[in-house]
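# Examination of the molecular architecture
If you want the building blocks of each chain, they are given just below.
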Amino acid sequence: KEEVDNKQAEEEEEKSPKLPELSEEEKKHILNSQDFTKFFLRATTIVERAITEEIDIFVDYTGGDDEDKDGLESDKDRITLSRQFYDDHWSRHRTVTSIDWSPNYPELIASAYNQNDEAPHEPDGIVLIWNLKFSKKETPEFVFQCQSAIMSVAFSQFHPNIVIGGTHSGQVVLWDSRSYKRTPVQRTPLSAAAHTHPVFCIDVLGTQNANNLISICNDGKLCSWSLDMLSQPQDTMELQYKQKVVPVNCMAFPTNDVNNFIVGSEEGTVYTGSRHGNKAGISEAFESHQAPVTGISTHNANTQVDFSHLFLTSSFDWCVKLWTQKGYGDYVYDVKWSPVHPALFASVDGSGRLDFWNINKDTEVLFPHTLTHF
């Protein structure tokens, strides 16, 4: 019986297909192929997670699956240091120039870096995608490179696999995490039709089916792009106020508004404007700070009360200020402090509007608390 079993095993082995022997040239061709590179990078990422973590290791950050995209639960009562992200090779001797959170994967952060002066042969611009979910993973999820220092970075809320960067040379570059390439898959031209100065502001606006990339460089030129084709802008605008160029440092659009915008400038002034309409361009100026404006953030609370007219600004003058675009439309006739609340006062204007204002004990900036119309 044993001889019969051995004979059957030998016959089955002869019938089974034998793997062909590969030559050294064929092995090299497979190792250098795009399919093997994708498989190897994906497999090593999963193995690294499996070794270091005890949570779901199969999340795909290229947007190729339908995994749970919820981020980590935040502690609403306390603010504590959660993570520090540093890569000994890519972060060393570089300055962080811009940060953006992924709107599709809340645990992902993109950080942009300028050049490493002690490594002249490495790319000047680097973008690292860090992951908050895997606490023991010390390496970035993705590493993207560019030959010019990156001054601004942004995820595309409508394309989970797309990361966009604004460079010091004036180019806007686009990386695709699905391509498994560290270099940009698209870039804008270096020409007078586009940007020729550092691009400090980029944002993707619109809807899933109709969206545009908006970029502004330091010489005040605003460009609107299609992410499908960066060879030339769809629309351009020169931002000027009283025939003077606005040197833009930062930009923000109110929530769900693709037309009106706010920009901060090098001279410390904040400007409001619009992309389209009869009054396209800069419309109003706020003499806000004594130094360059470094950041602008519009209020994006999703409530029944409209806070879209509120925005914050920061500056090198050591100040953070809260502004409203809804000013008084008439003479202000009176103002009174509250007799019971030390931080509350009221004002009334000629149109019959009564405003209640509340000041924080740690700030010098006034902001509207409640508005009442008669």
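As shown above, the structure is provided for reference.
Residues numbered from 1 in each chain as written. Predicted model: local features only at pLDDT ≥ 70, side-chain atom pairs only at ≥ 80, totals over all residues. Heavy atoms only, no water.

Turning our attention to the packing of aromatic side chains. One pass over the structure, following the stated rule, counts 10 aromatic pairs. Measuring from ring centre to ring centre gives 5.9 Å for Phe-142 and Phe-144, while their planes differ by 5°; the resulting arrangement is stacked. Pairwise contacts between aromatic rings join Phe-36, Phe-39 and Phe-40 into one cluster. (Phe/Tyr/Trp six-rings, centres within 6.5 Å; stacked < 30°, edge-to-face > 60°.)

Two orientations exist for strands paired in a sheet by backbone hydrogen bonds: parallel and antiparallel. If you trace the four strands from one edge of the open sheet to the other, you get 1-2-3-4, paired in antiparallel fashion. Single-partner strands in this sheet number two, and they are strand 1 (96–101) and strand 4 (142–146). Adjacent strand axes in the sheet meet at a mean angle of 15°, parallel and antiparallel pairs treated alike. Pairing of strand 2 (residues 108–113) with strand 3 (residues 125–131), which is carried by six bridges, proceeds in the antiparallel orientation. The residue of strand 3 that forms the bridge with Ser-111 is Leu-128. (Pairing = 2+ DSSP bridges. Helix = DSSP H or I, 4+ residues; strand = E, 2+ residues; numbered from the N terminus. Axes fitted to C-alpha atoms, helices over the stretch in contact; angles between N-to-C directions.)

Looking now at the environment of Pro-123. With respect to the helices and strands, the residue Pro-123 is situated in the loop between strand 2 and strand 3. Residues Pro-123 and Thr-183, spaced 60 residues apart in sequence, show a C-alpha to C-alpha distance of 9.9 Å. Apart from residues lying up to four places away in sequence, Pro-123 is in contact with Arg-94, Gln-145, Cys-146 and Gln-147. (Contact = heavy atoms within 4.5 Å.)

The final tally for this structure, using the stated rule, is six salt bridges. A salt bridge links Lys-133 to Glu-107, with the nearest nitrogen and oxygen atoms 3.6 Å apart. Linking Lys-133 in the loop between strand 3 and strand 4 with Glu-107 in the loop between strand 1 and strand 2, this pair joins segments that are 26 residues apart in sequence. Classification of Lys-133 by relative accessible area gives buried; the value is 16%. Glu-107 gets classed as buried once you look at its relative accessible area, which sits at 1%. Where Asp-176 meets Arg-178, a salt bridge forms, and the shortest distance between an N and an O atom there is 3.2 Å. Judged by its relative accessible area of 12%, Asp-176 falls in the buried class. For Arg-178, a relative accessible area of 47% gives the class partly exposed. (Salt bridge = Lys/Arg side-chain N within 4 Å of Asp/Glu carboxyl O. Buried < 20%, exposed > 50% of the residue type's maximum accessible area, 1.4 Å probe, protein only.)

Taking 1.5 Å per residue as the helical rise, helix 3 (residues 34–52) with its 19 residues ought to reach 27 Å, and the 27 Å between its terminal C-alpha atoms agrees with that figure. The set of residues buried in helix 3 consists of Thr-45, Ile-46 and Arg-49. Down the axis, helix 3 shows its buried residues gathered within 90° of arc, on one side only. In helix 3, those exposed residues whose orientation departs by more than 90 degrees from the buried face are Phe-39 and Ile-51. (Expected span 1.5 Å × (residues − 1). Arc of directions from axis to C-beta.)

Looking now at unusual backbone geometry. For His-93, which is not glycine, the phi torsion reads 60° and is therefore positive. Take His-93: its relative accessible area is 43%, and that puts it in the partly exposed class. Residue Lys-242 is not a glycine yet carries a positive backbone phi of 55°. By the secondary structure assignment, Lys-242 is in the loop between strand 13 (240–241) and strand 14 (244–245).

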